[in-house]
Amino acid sequence: MHHIRSTLEPALRQQLTLLFAKRGPLQQRLDEAENTALFAAVQHSEWDDPRQARIYESDEWLIAAWARLDQPEKLVQQLGIVTGEIPDAELIGHYWARFGAEGLPSIYGDFSFAAWHRRDRTLHLVVDHLGSQPLFYYQNAEVLLASPLRQALLLHPQVPKQLNPRTLAELVTAHMPEGDPWSALQHVPGGHRVILQAGAEPRLERWWHPSLQHNLYYRNPQAYADEAQALFAQAMQHLLRGRQPIASTLSGGLDSSLATAYAAEILAQRGQTLDSYTSVPQPGDYQHIQRANWDLDEWSLTQELAKRYPNIRHHAVQADNTSLLGKLSQQQQGSWNPLRNCANYNWLEQIYSRAQDQGCALLLTGGKGNASLSYAGTGGLARLLPRGLLGWAWQHLRAKPLTPRQWLGQLAELCGVAAPLRQLHSRQPRTQIPDGINPEWLNSRWRQEVDFHFPTQSSRKWSSRVQFLTKPRPVYGPNPLWQFDLLTVDPFADRALIELLLRYPPEAYIGMGYPRLLARLAGEGRVPDSIRWRTQRGEQAPDEGFWIQRDGEHYRQIWARLRNIPAVAELFDLHTIDALVADTTGRSVPRLQSSSLHRILDIALFIEQSQQRWDAELDY
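I will try to describe carefully the structure that is included in this document. Sequence order as written defines the numbering, with residues in each chain counted from 1. For this predicted model, a pLDDT threshold of at least 70 governs which residues receive local features, and a threshold of 80 or more governs which side-chain atom pairs are given and counted, while totals over whole chains, interfaces and linings are taken from all residues. Processing note: side-chain calculations cover all non-hydrogen atoms of the structure and skip hydrogens and water entirely.

Things to note about the sheet that holds strand β4 (residues 53-57)
Move 1: Pairing between strands is defined by DSSP: at least two bridges between them are needed. Each helix is a run of DSSP H or I of at least 4 residues and each strand a run of E of at least 2, with the numbering of both proceeding from the N terminus. Within the open sheet, the six strands sit side by side as β4-β5-β6-β7-β12-β13. Their pairing is antiparallel. On the outer flanks of this sheet lie β4 and β13 (203-206), each paired with one strand and no other. Shown here is a sheet whose adjacent strand axes are inclined to one another by a mean of 15°, direction ignored.
Move 2: Pairing of strand β5 (residues 61-69) with strand β6 (residues 109-117) involves nine bridges; the strand directions are antiparallel. Residue pairing across strands places Leu-69 opposite Gly-109, the latter belonging to β6. Orientation is described by axes fitted as lines to C-alpha atoms, over the contacting stretch for helices, and by angles from 0 to 180 degrees between their N-to-C directions.

Topic: unusual backbone geometry
Trans peptide bonds make up most of the peptide bonds, and negative phi angles are found at most residues other than glycine.
Move 1: Of note, Gln-71 is a non-glycine position whose phi angle comes to about 50°, a positive value.
Move 2: Among the secondary structure elements, Gln-71 is positioned in the loop between β5 and α2 (72-79).
Move 3: Burial classes follow relative accessibility: with a 1.4 Å probe on protein chains only, a residue under 20% of its type's maximum area counts as buried, one over 50% as exposed, and anything between as partly exposed. Note on Gln-71: relative accessible area 26%, which makes it partly exposed.
Move 4: Even without being glycine, Trp-336 reaches a positive phi, approximately 55°.
Move 5: Turning to its location among the elements, Trp-336 is positioned in the loop between α9 (324-335) and α10 (342-357).
Move 6: Residue classification places Trp-336 among the buried residues on the basis of a relative accessible area of 3%.

Some thoughts on the packing of aromatic side chains
Move 1: Planes of paired rings set the category: under 30 degrees apart is stacked, over 60 is edge-to-face and the rest tilted, where pairs are Phe, Tyr or Trp rings (Trp by its six-membered ring) whose centres lie within 6.5 Å. Within the structure shown, the criterion is met by 15 aromatic pairs.
Move 2: Between the aromatic rings of Tyr-504 and Tyr-509, the centroid separation amounts to 6.4 Å while the plane-to-plane angle is 50°, which identifies the pairing as tilted.
Move 3: The class for Tyr-509 is buried, based on a relative accessible area of 0%.
Move 4: Aromatic ring contacts, followed pair by pair, group Trp-61, Trp-96, Phe-111, Phe-113 and Trp-207 into a single cluster.
Move 5: Directly above the aromatic system of Trp-614 lies the positively charged group of Arg-613, at a separation of 3.9 Å from the ring centroid. Whether a charge lies above a ring is judged from NZ of Lys or CZ of Arg, which has to be within 6 Å of the ring centre and within 35 degrees of the ring normal.

A word on the pairing of β6
Move 1: Counted residue by residue, β6 has nine buried out of nine residues, so it is predominantly covered.
Move 2: Burial along β6 is two-sided: Gly-109, Phe-111, Phe-113, Ala-115 and His-117 facing one way and Asp-110, Ser-112, Ala-114 and Trp-116 facing the other are all buried.
Move 3: Pairing between β6 and strand β7 (residues 122-127): six bridges, direction antiparallel. Its bridge partner being in β7, Ser-112 is matched across the sheet by Val-127.

As for the pairing of β4
Move 1: Burial runs high along β4: four of the five residues are buried.
Move 2: Hairpin connection, β4 to β5: the antiparallel pair is bridged by three residues.

Here we look at the packing of helix α21 (residues 552-562) against helix α23 (residues 574-586)
Move 1: Across the interface, α21 lies against α23 with an axial gap of 9 Å and an inter-helix angle of 170°. Classified by the angle their axes make, α21 and α23 are roughly antiparallel. On α23, the residues that touch Gly-552, Tyr-555, Arg-556 and Trp-559 of α21 are Leu-574, Ile-577, Asp-578, Val-581 and Thr-585. If an angle is under 35 degrees, it is roughly parallel; if it is over 145, roughly antiparallel; if it lies from 65 to 115, roughly perpendicular; otherwise it is oblique. Contact definition: two residues touch when any of their heavy atoms are within 4.5 Å.

A closer look at the packing of helix α6 (residues 221-239) against helix α7 (residues 254-269)
Packed helices, taken two at a time, are described by the angle between their axes plus the distance between the axes.
Move 1: The geometry of α6 relative to α7 is characterised by a closest axis approach of 10 Å and an angle of 65° between their N-to-C directions. As α6 packs across α7, the resulting crossing turns out to be right-handed. Within the contact between the two elements, α6 uses Gln-229, Phe-232, Ala-233, Met-236 and Gln-237 and α7 uses Leu-258, Ala-259, Tyr-262, Ala-263 and Ile-266.
Move 2: Just so you know the grouping, Ala, Val, Leu, Ile, Met, Phe, Trp, Tyr, Cys and Pro go in nonpolar, Asp, Glu, Lys and Arg go in charged, and all remaining residues, Gly too, go in polar. In terms of residue class, the contact of α6 with α7 is made up of eight nonpolar, two polar and no charged. The crossing is said to be left-handed when, going from far helix to near helix, the turn is anticlockwise and less than a right angle, and right-handed when the turn is clockwise.

Here we look at the nonpolar core
Move 1: In this text, buried Ala, Val, Leu, Ile, Met, Phe, Trp, Tyr and Cys residues form a nonpolar core when linked through side-chain atoms within 4.5 Å. Trp-182, Leu-571, Phe-572 and Ile-607 are the most contacted members of the largest nonpolar core, which has 73 residues in total.
Move 2: Sort the elements by how many residues they give to this core and helix α24 (residues 591-614) lands first, with nine residues.
Move 3: When near neighbours in sequence (up to four residues on either side) are disregarded, Leu-571 contacts Pro-165, Leu-168, Ala-169, Leu-442, Asn-443, Trp-446, Ile-603 and Ile-607.
Move 4: One finds Leu-250, Leu-258, Ala-261 and Leu-497 within the second-largest nonpolar core, a separate group that totals 52 residues.

Quick word on the pattern of salt bridges
Move 1: The working definition used for a salt bridge is a side-chain nitrogen of Lys or Arg within 4 Å of a carboxyl oxygen of Asp or Glu. In this structure the tally under the stated criterion is 28 salt bridges.
Move 2: Arg-166 is the salt-bridge partner of Glu-449, the closest N and O atoms lying 3.3 Å from each other. Placement of Glu-449 in the loop between α15 (444-447) and β20 (454-455) and of Arg-166 in helix α5 (residues 165-172) is noted, with a sequence separation of 283 residues between them.
Move 3: Residue Arg-166 is classed as partly exposed on the basis of its relative accessible area, which comes to 35%.
Move 4: One salt-bridge network, in which partners are shared between bridges, spans Glu-60, Arg-119 and Asp-120.

Let's talk about α5
Move 1: Counting buried positions over the eight residues of α5 gives seven, a clear majority of the element.
Move 2: Among the residues of α5, those classed as buried are Pro-165, Thr-167, Leu-168, Ala-169, Glu-170, Leu-171 and Val-172.
Move 3: Here the buried face of α5 lies against β10 (162-163), α15, α22 (566-571), α24 and β23 (617-618).
Move 4: We define a polar contact as two N or O atoms separated by no more than 3.5 Å, with the added condition that, inside protein, one atom must be a possible hydrogen donor and the other a possible acceptor, whereas residues neighbouring each other in sequence contribute only through side-chain atom pairs. Capping the start of α5 is the job of one residue whose side-chain oxygen sits 3.1 Å from the backbone nitrogen of Arg-166: Asn-164.
Move 5: Two residues or fewer past α5, Ala-174 is found with a positive phi of approximately 80°.

Observations regarding the environment of Ala-174
Move 1: Summarising the element assignment, Ala-174 is placed in the loop between α5 and β11 (186-187).
Move 2: With near-sequence residues (within four places) excluded, Ala-174 lies in contact with Arg-340, Ile-437, Phe-454 and Arg-599.

Comments concerning α6
It helps to recall that an α-helix has 3.6 residues per turn; residues three or four apart then point in one direction.
Move 1: Taking 1.5 Å per residue, 19 residues should reach 27 Å; α6 reaches 27 Å between its end C-alpha atoms and fits that length.
Move 2: If you check which residues of α6 are buried, you get Pro-221, Tyr-224, Ala-225, Ala-228, Gln-229, Leu-231, Phe-232, Ala-235, Met-236, His-238 and Leu-239.
Move 3: Two or three places before Gln-222, at the opening of α6, Asn-220 has a side-chain oxygen 3.0 Å from that residue's backbone nitrogen. By this rule the span expected of a helix is its residue count minus one, scaled by 1.5 Å.

Pasting the structure below:
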């Protein structure tokens, strides 16, 4: 935090001190001469505990950092530090002070930091390759502000308290917004740094430059799998280098199963246990929402994996009987953002709470799996045959024969006419508004501003995957579990692994009749075949509609209160939402409709709380 022309107000300093002190013992540096203040919650004293921040200070730099680094000993060696163990967050400060932006490509891991250059009076904001730890900022003629917590910025009187109606409207569509719900706040995109200076526009620079051309070619898929598997195992070793207890989320899906299995294997060698949590629906009949190739309950699959590893303590997590709306209202009082997937919060909150009670420091997930090791792949025979990979192509074809339509598609690719055919076909509509989403829910003003359509088929294009991983604009990222002293980590997001996988051609991920082949091969001997070769998907919170019906009267009362707020009436069509509430609380409806009602009520609760706490209004 830097004030350009005025001193830091003692009252504001006290508020920030109280906010960060909630997260642990506090480090702070106040430079009255430069009107600059830095705060960092140390949280834990162990040098290798990843849940901590540190402040680094030199004659030239003042740096507040959070970091969980891969192979920090390499950075220590480059710096020539001989003082023994040093926290990762402090190491970031040393490394930036020595090498600056040129040293960023050498830093692997999860991190974010703010570095104030005393001589140039510039504020440098940096996040890791995927922006795993958010960093928000605000700048005007008077102040330069940055924090991983929205609330820290909102406490400052200079920050306008205006809500972004476009972002809120985009949340209704179930798309992932790119803006923040607070119009004044900006994010630092993953793989970038932002330089703030008084009197100048923010300067955005990319520091992560992975290869975007596939240039590694092997003769069989096992060669790719062996190489990628070794890096995945190394990524897990890096995540588990501390001594703290570990937990994982575990569904019947490939990604969380791989993460859990590899972690259990490593921890068993150290004599440590792994607490794994699986969400299961409350007892009931959910056949009315059953979709083809989707499973409603994955407990039996996860049990099969857990029994392979005696050191796994397997826990079933089930939604309790309290209203989800009360929980959503409570989480907003710290995170100050609405959620995109409200139902997941019902069981994630329980997982975090129980893992924290077990003393866990890390929670392993597989969120980036589909863009990483378990990418579906594209190309098939049309790419394998021209490269002379006849054995690979025959193995794939024999395992899963092509339909006549698929034969024609592959032939078109081989003959070079596929691109013109796709261009002709693209003139036809290839998107639709899913059942359970209704544009009429929004007021007419905002209905025209956002897109309710989704692709009829998910894209497996190489370009879509690259764009997802390297997109220069920040993607909306709510932080619903801010109140728990637990760090969420994802081995599939490992930078070295992603940089390798981006060099593989798209056909490397296909074979033996299956997409996502590399992840399936990586699970050999570790993950049960019932999961490894599974093609069905799992429903998240299939009992979501049941919660709404059970607490229907509470939902109707909450909406009756929220609809009287002018800003809610400006965003939504009240009569259409009236009908939605009555329908969803009164009968069994498709899952997507239940999810939509939760999103709408969560947004309305967010507007209500933001007005009560910050006197916020919609920004036109």
